[in-house]
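Overview (structure and organization)
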Amino acid sequence: MDGYIQTALGIIVSLVLFVIGYRQTIGAKKERSKNANSSIMRTIMRRMVLEDYSPIYKDITRLVEGKAREFQVSPNDLLSEEQILNSLYTEVFDSDLISPSQRIEIESRINADFEVVEREPIKPSFSEFQQLRQEKERRKESLTAMVLSASLLGALSSTMYSFYESKSFQLDSLLPSLGVLVGSIAMLTVLTMYRRSKEVESLPSRVTSSILASEFESDIANILVKNRFKFVIEPNLGGVRPDFLVSTNGKKIAIEAKSWQGQVPLHHLRRAIDYLHRLVSNSEVDRAILVTRKKDGIPTGSIEDENVSVVSINELVSKLKEAA
């Protein structure tokens, strides 16, 4: 009976410490991010209504970076520029405090900014690429350290309870403590995964999206090098530039990399389908392969035909060998 009490006590201590630590670190950071987003929205809305300000994409980027420093968060933790514009448009459209004529005029200014956003591609710098990767690694390391430290303290409290009850140290008392350690790690890992699944996935900024795309392309290039495929990066094929052009067994296979996972907006799908058909219509391309992180949520039936395939990054090598 004492062993059950000892184990339950240790797991409860681990859970309580993890929840407190999570709220004081990750939870507090999310709250600061929420307040920073609200501050950005209020600032731009005031300028648009009171001063006839037209939001400019670069101004929004600067404002996001400034508010990130003010609230001590990373710019990557805040709303993307597109999300801010969408939220502003929704706020203006839904507000009864703005006159109809002013509402139409403000909406036209926001729409003009959307057109500029769609026309201007963004190429991330190497420092931005490194910054995002380091942030992801630090977030993962801090969460892992939190799980391990809470589990160790829970196991220690279980051992201290056994010592308090028996007034002596016995090796048999270590077994429940070991069970507490393993059980706490498993429970907290599951709890962390559950919380992540419940979080609302936000759209990354254009810079962040470009960085993630560059990282995905780098992963594909490493796979091609590892499997000794001959390839060219972004060759100019008379108006089209696939991400990779692989030469294998006398065939030219164009690879288009999209770091998609989950549901994909229809306009992105339509643009990708049109581009893939332009690739295979080129005389220098025999086949085209669209590579994504995951195929879930992608209507492959409306994309694939005898010359176009959709694969996940894990299926790329086998598809290249099959296509050749």
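Thresholds applied
- Residues numbered from 1 in each chain as written.
- Predicted model: local features only at pLDDT ≥ 70, side-chain atom pairs only at ≥ 80, totals over all residues.
- Heavy atoms only, no water.
- Helix = DSSP H or I, 4+ residues; strand = E, 2+ residues; numbered from the N terminus.
- Buried < 20%, exposed > 50% of the residue type's maximum accessible area, 1.4 Å probe, protein only.
- Contact = heavy atoms within 4.5 Å.
- Areas by Shrake-Rupley, 256 points an atom, 1.4 Å probe, with all protein chains shown as cover.
- Pairing = 2+ DSSP bridges.
- Salt bridge = Lys/Arg side-chain N within 4 Å of Asp/Glu carboxyl O.
- Axes fitted to C-alpha atoms, helices over the stretch in contact; angles between N-to-C directions.
- Core = buried A, V, L, I, M, F, W, Y, C linked by side-chain atoms within 4.5 Å.

Let's talk about the overall build of the protein chain
- The secondary structure content of the protein chain amounts to nine helices and five strands.
- When the elements of the protein chain are put in sequence order from the N terminus, they spell out α-α-α-α-α-α-α-β-β-β-α-β-β-α.
- Counting the 324 residues in the protein chain, one finds 38% classified as buried.
- In the protein chain, the proportion of contacts linking residues at least 24 apart, taken out of those at least 6 apart, comes to 68%.
- Accessible surface computed for the protein chain: about 19,400 Å², of which carbon and sulfur atoms make up 56%.

Quick notes on the pairing of strand β2 (residues 244-248)
- When you tally the buried positions in β2, you get four out of five residues, the bulk of the element.
- Note that strand β1 (residues 230-233) and β2 share four bridges and pair antiparallel. Across the sheet, I233 pairs through a bridge with F244, a residue of β2.

Here's the deal with the pattern of salt bridges
- Scanning the model with the defined rule gives six salt bridges in all.
- The shortest N-O distance in the salt bridge between R47 and E51 comes to 3.8 Å. Highlighted residues: R47 and E51, both in helix α1 (residues 2-51), separated by four residues, approximately one helical turn.
- Judged by relative accessible area, which is 32%, R47 ranks as partly exposed.
- Across the salt bridge formed by K67 and E70, the nearest N and O atoms sit 3.5 Å from each other. Of this pair, K67 and E70 are both found in helix α2 (residues 57-70), three residues apart, which corresponds to roughly one turn of the helix.
- For K67, a relative accessible area of 12% gives the class buried.
- For E70, a relative accessible area of 53% corresponds to the exposed category.

Structural notes on the sheet that holds strand β4 (residues 287-292)
- Spatially, five strands are ordered β1-β2-β3-β4-β5 in an open sheet, and the strand pairing comes out mixed. With one partner strand each, in any of the chains shown, β1 and β5 (308-312) form the two edges of the open sheet. For this sheet, the mean inter-axis angle between neighbouring strands, taken without regard to orientation, is 25°.

Topic: the environment of L191
- Inspection of the secondary structure assignment puts L191 in helix α6 (residues 174-198).
- Each C-alpha atom of the pair L191 and L15 lies 9.6 Å from the other, and the pair is 176 residues apart in sequence.
- Excluding its chain neighbours within four sequence positions, the residues that come into contact with L191 are L15 and F18.

Some points on the nonpolar core
- With 20 residues, the main nonpolar core has I44, M48, L78, I84, L88 and I110 as its most contacted residues.
- Elements with a contribution of two residues or more to this core: α1, α2, α3 (81-94) and α4 (100-119).
- A per-element tally of this core places α1 first, with six residues.
- Not counting residues within four places of it along the chain, the set of residues in contact with M48 comprises Y53, P55, L88, V92, I106, R109 and I110.

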